[in-house]
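One letter stands for each residue in the lines below.
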Amino acid sequence: MISPLTYDDVKGLKADGELGKFIKFHMGEAQRAAAHRRGLVLRYPDIAAKLAQPPIGFSTPDKWNGYIPPSTDCTGAMNTARCRPALLALVAEAERRLRQPQETAAELEEAA
């Protein structure tokens, strides 16, 4: 697990003139991860349709940008948003389906 950024860490980054680069890098990583999750889920229409159902509830699946709320809030308290586990489950199912053809091909090759 990555240790959380402390106030002293931020002060050091700022003093070194690296804070802006740090923020840009991590924002870019977060945006790429969200775009990957979005593309993965929207690839499967039956999974994507669940984005418009409770507890997620987007008006249409394409409105989701791939963001999943963090597991904790800024105080360290557990995030109790009902959409979080539902979004995680959709992404996990899409990832499972994406791997499934590869696993099936490997199994067929082993059997031959």
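Description of the structure in this document. (Residues numbered from 1 in each chain as written. Predicted model: local features only at pLDDT ≥ 70, side-chain atom pairs only at ≥ 80, totals over all residues. Heavy atoms only, no water.)

1. A closer look at the nonpolar core
If you look at the biggest cluster of nonpolar residues, it comprises 13 residues, and the most contacted ones within it are Val 41, Ile 47, Leu 51, Ile 56, Trp 64, Leu 87 and Ala 94. At the level of secondary structure, the elements contributing two or more residues to this core comprise helix H2 (19-42) and helix H4 (83-111). Of the residues forming this core, the biggest block, five residues, is contributed by H4. Among residues more than four places away in sequence, those in contact with Leu 87 are Leu 51, Ile 56, Trp 64, Tyr 67, Ile 68 and Pro 69. (Core = buried A, V, L, I, M, F, W, Y, C linked by side-chain atoms within 4.5 Å. Buried < 20%, exposed > 50% of the residue type's maximum accessible area, 1.4 Å probe, protein only. Helix = DSSP H or I, 4+ residues; strand = E, 2+ residues; numbered from the N terminus. Contact = heavy atoms within 4.5 Å.)

2. A few points about the environment of His 26
Take His 26: it is sitting in helix H2. Residue classification places His 26 among the partly exposed positions, given a relative accessible area of 40%. Sequence-wise, His 26 and Gln 53 are 27 residues apart; in three dimensions their C-alpha atoms are separated by 31 Å.

3. Considerations on the pattern of salt bridges
Inspection of every chain in the model, using the stated rule, returns five salt bridges. Between Arg 97 and Asp 46 there is a salt bridge, with the nearest N and O atoms lying 2.6 Å from each other. One end of the pair, Arg 97, is in helix H4; the other, Asp 46, is in helix H3 (residues 45-49), and 51 residues separate them in sequence. The class of Arg 97 is partly exposed, set by a relative accessible area of 22%. Look at the salt bridges and you will find they share partners, linking Asp 46, Glu 93, Arg 96 and Arg 97 into a network. (Salt bridge = Lys/Arg side-chain N within 4 Å of Asp/Glu carboxyl O.)

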